[in-house]
Amino acid sequence: KKSFSSGLTAMEKKLAEYKCNTNEAIQLKLVRFPEDLEDENTTFNPEYSHQVFGDDEVAFGYKGLKILLYYIAGNLSTLFRIEYVSKVNEKFDCVEADDVESKIREIIPPGFCTNTDDFVSLLEKEVNFKPFGMLLHTYSVHNEEAGEDITYQIYKADMTCPGFREYHERLQTFLMWFIETASFIDVDDERWNYFLVFEKYNKDGATLFATVGYMTVYNYYVYPDKTRPRVSQMLILPPFQGEGHGAQLLETVHRYYMSSPTVLDITAEDPSENYVKLRDFVLVKLCQDLLCFSPGKLMQGFSQEMVIEAQQKLKINKQHTRRVYEILRLRATDMGDAEQSRSYRLDVKRRLIGPYKKKQRELAKMRRCLRPEELTNQLNQIDINMQHEQLEESFQQLVSDYRRVLERLAQA
């Protein structure tokens, strides 16, 4: 018996060696020069691979698995290769290696290269790649490493631009690796708008363009003759993150819709925490000079005037305007002054308590139709003291988020 069980663990150990973490195995690159292929510094890895490889983010059956997904920096032509040191074979009774290739093929469009030479010869044609659509905004960012200013441009594209449909198919594969609940959109629906960020760079005396990131926005119809654009996906590719491109992109998109009389306001679908922080910064930056947000008016509390002005001039909806008001009021408040800080705290908590109040109202309704013993059960779940603690915690968290926005604003 004993030898059997130790034999089993040896087998298990052996099999365990053939498990690879897919977030480490997948190696992504945005290639500008042939030497980038060999340069480890240009490699980056996914944050997520569960949508392709399951919740464990594991591929079984290989030792030293590498899944290479290299993209040409501009038009994103793709090289896809799988490398490994060894693979399980039939000697491991009834154990089969995962079909990694077909899993990747499901999300990347056909027409990719499988060998490096083909890929490098495509790289030489990259000089012909130009951004799609209409130029909306140009800006520059000082790069310490290069010791110079780098120029970026934001374009608005649509499916009528030649080659854009195929390019977008390649671009959206990045969503799988960097957005936790990504999904591909229906590009045949004409209500989608696409906004793209490119970097201009030089190669052998020519100006080329590299893909930095993008945003998709869906135009919802609002009766009778308006639309409400809703931000669906936004991704700045990892090599460019933390350089302010997200803020540039969101502000440019806001400005684009601001000029349209038929747009009501802009919303977002299921925004991540990072997106909310970004949006706070951009909207406060846009709003801070509006008359309705002057310090005197901020101290009088949130007003209908703010809602109307932010919506009409900047296409900001009521909920977001309220956050902008709270952030700007924090800036205008002397939190060291007991009276001012108390007044601010009460004002924000009054908003935060809304959902609790709603719960109380629902309870009052239940009271009328529940038997007493059921009711005590329900009531116990909502302990008043706990509410106050939670409220205080939410408030403190909010103030620290708001302070970060104000710090970033002060540096902008």
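Residues numbered from 1 in each chain as written. Predicted model: local features only at pLDDT ≥ 70, side-chain atom pairs only at ≥ 80, totals over all residues. Heavy atoms only, no water.

With respect to the pairing of strand E12 (residues 206–222)
Taken across its 17 residues, E12 has 13 buried, putting it largely inside the fold. Examined bridge by bridge, strand E11 (residues 192–203) and E12 share 12 bridges and lie antiparallel to one another. By the bridge assignment, Glu199 is partnered in E12 with Ala210. Between E11 and E12, which pair antiparallel and follow one another directly, the connecting turn spans two residues, one of which, Asp204, has a positive phi of 50 degrees. Bridge analysis of E12 against strand E13 (residues 226–236) gives 10 bridges, and the strand direction is antiparallel. (Buried < 20%, exposed > 50% of the residue type's maximum accessible area, 1.4 Å probe, protein only. Helix = DSSP H or I, 4+ residues; strand = E, 2+ residues; numbered from the N terminus. Pairing = 2+ DSSP bridges.)

Things to note about the nonpolar core
In this structure, Trp177 and Phe293 are the most contacted members of the largest nonpolar core, which totals 107 residues. Each of two domains, domain 1 (14–126) and domain 2 (130–331), supplies a minimum of three residues to this core. When residues no more than four places from it in sequence are discounted, the contact partners of Phe293 are Cys287, Leu298, Met306, Thr321, Val324, Tyr325 and Leu328. (Core = buried A, V, L, I, M, F, W, Y, C linked by side-chain atoms within 4.5 Å. Domains from an automatic or database assignment. Contact = heavy atoms within 4.5 Å.)

A word on the environment of Glu305
As for its placement among the helices and strands, Glu305 is situated in helix H10 (residues 304–314). Its relative accessible area of 36% is what places Glu305 among the partly exposed residues. The spatial distance from the C-alpha of Glu305 to the C-alpha of Thr78 is 52 Å, given a sequence separation of 227 residues. Not counting residues within four places of it along the chain, the set of residues in contact with Glu305 comprises Cys292 and Lys297.

Focus: helix H7 (residues 245–258)
The terminal C-alpha atoms of H7, which comprises 14 residues, lie 20 Å apart, in line with the 20 Å expected from a rise of 1.5 Å per residue. Summarising burial for H7: 10 of the 14 residues are buried, a large majority. (Expected span 1.5 Å × (residues − 1).)

Digging into the pairing of strand E9 (residues 134–143)
Bridge count between E9 and strand E10 (residues 148–157): nine bridges; the pairing is antiparallel. Bridging across to E10, Tyr139 finds its partner in Tyr152. Counting the residues between successive antiparallel strands, the hairpin from E9 to E10 contains four residues, one of them, Gly147, with a positive phi of roughly 65 degrees.

A word on the side chain of Gln172
Take Gln172: it is sitting in helix H6 (residues 164–178). For Gln172, a relative accessible area of 9% gives the class buried. Non-local contacts of Gln172, meaning those with residues more than four positions away in its chain, are made with Phe184, Ile185 and Tyr214.

Topic: the domain arrangement of the protein chain
Its domain assignment divides the protein chain into domain 1 (14–126) and domain 2 (130–331). Placing the centre of domain 1 and that of domain 2 at their C-alpha centroids yields a distance of 31 Å. Contacts between the two partners involve 28 residues from domain 1 and, on the opposite side, 26 residues from domain 2. The contact between domain 1 and domain 2 buries some 2400 Å² in all, and 65% of this surface belongs to carbon and sulfur atoms. For domain 1, the biggest contributors to the area lost against domain 2 are Arg32, Tyr48 and Gln51; these three give 27% of the whole. Across the domain 1-domain 2 interface, the total number found is one salt bridge. Linking Arg32 and Glu199 is a salt bridge whose minimum nitrogen-to-oxygen distance equals 3.0 Å. (Buried area = accessible area lost by both parts, 1.4 Å probe. Salt bridge = Lys/Arg side-chain N within 4 Å of Asp/Glu carboxyl O.)

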